[in-house]
Amino acid sequence: MEGADVAFFEWGSENIIRATHFEWDIPIVLRIHRYEPYSNYLPGINWSRVQHVIFTSRHIQEVSNHAVEIPQTCAQHIIPSSIDLNRWDFKDRVHNPRIAFVGYLNWKKGIPILLQTLRAILDHDPEFELFVLGKTQTQEVEHYAFEMGRHLGVHDHIRWVGWQADVNAALDKYDVSYIINTSLTEGCPYSVLEGMAKGLRPIVHRWPGAEHIFPADWLFNRPEEVIPMLVPADLRSSVYREFVETHHSGEIELQRIMEILGIEEVSKDVGDAVASV
């Protein structure tokens, strides 16, 4: 890190553990996303060497402070994750009985909740379909998803369209109106924010901390609570887009990080690079 004015570490893992056990004459800034407080990384950090720690959400800050004692010499900040709005084409959506699930399918994505919720939706309206834009990460999850899908009678209503290199285009191609997240744990779910930026109605399982990010009427505890979210008249695309613009804008995120770093101006190339992360 010779010649650097500041060291910015993305993720609280092995790299910052090693770096904080050397004597550097520059400030260290760390950004923590989700998994770090649930792992054994944070106790290994020499926190006396960290000047600022950024959390992407309030609940991750709370869990981190339970996992390790962060000294007062390390300033704590909450800066929500952002997305590049220019990459997500917005349009006013009309009700279409199509729901998208985007991302990897693994244990923490709550596949049992996803399937049970789809069953409750189909009991209400058998016209609905679930489009899975992603792929399973383990054979066990894949086996469970296919087997339970058949047992619940939802298999014929699931379209396994696979991993999509261009999610923006895929969401339009399959003409979905809703995006669902049934995770057990999240930091700040990009797939939901990206769907909202396109005008999709969010349906979010209330994982720990979800209430600090999304309004209560976008969250559900039990599968049957999703049904009122599917009322056509309640689909308000501009509201979802404006929410992302207000709370998860890349420009706002970059400005707050610059303030922490003590930078008054940043080149356009650097700003574009940060916004695209």
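Just so you know, these numbers come straight off a predicted model, no measurement behind them.

**Notes on the overall build of the chain**
And then number 1: A tally of helices and strands in the chain yields nine helices and 10 strands.
And then number 2: Computed over C-alpha atoms, the radius of gyration of the chain comes to 20 Å, within 12% of the 19 Å expected from 2.2 N^0.38 for 277 residues, which places it in the range of a compact globule.
And then number 3: Along the longest, intermediate and shortest principal axes, the C-alpha atoms of the chain span 65 × 40 × 30 Å.
And then number 4: Across the chain, every contact between residues at least 6 apart in sequence was considered, and the portion connecting residues at least 24 apart equals 66%.
And then number 5: For the chain, the accessible area works out to roughly 13700 Å², and carbon and sulfur atoms hold 51% of it.

**A few points about the confidence of the model for the chain**
The predicted coordinates of low-pLDDT regions are not to be read in fine detail.
And then number 1: Looking at the chain, the pLDDT average stands at 92 and 94% of residues meet or exceed 70.
And then number 2: Every residue in residues 273-277 is under pLDDT 50, and counting partners more than four places away or in other chains gives three contacts.

**So, the sheet that holds strand β2 (residues 28-32)**
Picture the strands of a sheet paired through backbone hydrogen bonds; they go either parallel or antiparallel.
And then number 1: As summarised here, the arrangement of the four strands in space is β1-β2-β3-β4, forming an open sheet in which the pairing is parallel. Here the strands that pair on one side only, and so sit at the sheet edges, are β1 (7-10) and β4 (75-78). Between one strand and the next, the sheet's axes are offset by a mean angle of 20°, whatever the strand orientation.
And then number 2: For strand β3 (residues 52-55) and β4, the ladder comprises four bridges, and the chain directions are parallel. Across the sheet, His52 pairs through a bridge with Ala75, a residue of β4.

**A look at the nonpolar core**
And then number 1: Ranked by internal contacts, the top residues of the largest apolar core, which has 56 residues, are Leu130, Leu171, Met196, Ile203 and Phe214.
And then number 2: Per-element accounting of this core gives the leading share, seven residues, to helix α3 (residues 111-124).
And then number 3: Leave out the neighbours within four places in its chain, and Met196 touches Pro202, Phe214, Trp218, Tyr240, Arg241, Phe243 and Val244.
And then number 4: In terms of nonpolar packing, the next biggest core, distinct from the first, is built from 18 residues, Leu30, Ile32, Ile45 and Trp47 among them.

How each quantity is defined
- Residues numbered from 1 in each chain as written.
- Predicted model: local features only at pLDDT ≥ 70, side-chain atom pairs only at ≥ 80, totals over all residues.
- Heavy atoms only, no water.
- Helix = DSSP H or I, 4+ residues; strand = E, 2+ residues; numbered from the N terminus.
- Rg over C-alpha atoms; globule rule 2.2 N^0.38 Å.
- Contact = heavy atoms within 4.5 Å.
- Areas by Shrake-Rupley, 256 points an atom, 1.4 Å probe, with all protein chains shown as cover.
- pLDDT = per-residue confidence, 0-100.
- Pairing = 2+ DSSP bridges.
- Axes fitted to C-alpha atoms, helices over the stretch in contact; angles between N-to-C directions.
- Core = buried A, V, L, I, M, F, W, Y, C linked by side-chain atoms within 4.5 Å.
- Buried < 20%, exposed > 50% of the residue type's maximum accessible area, 1.4 Å probe, protein only.

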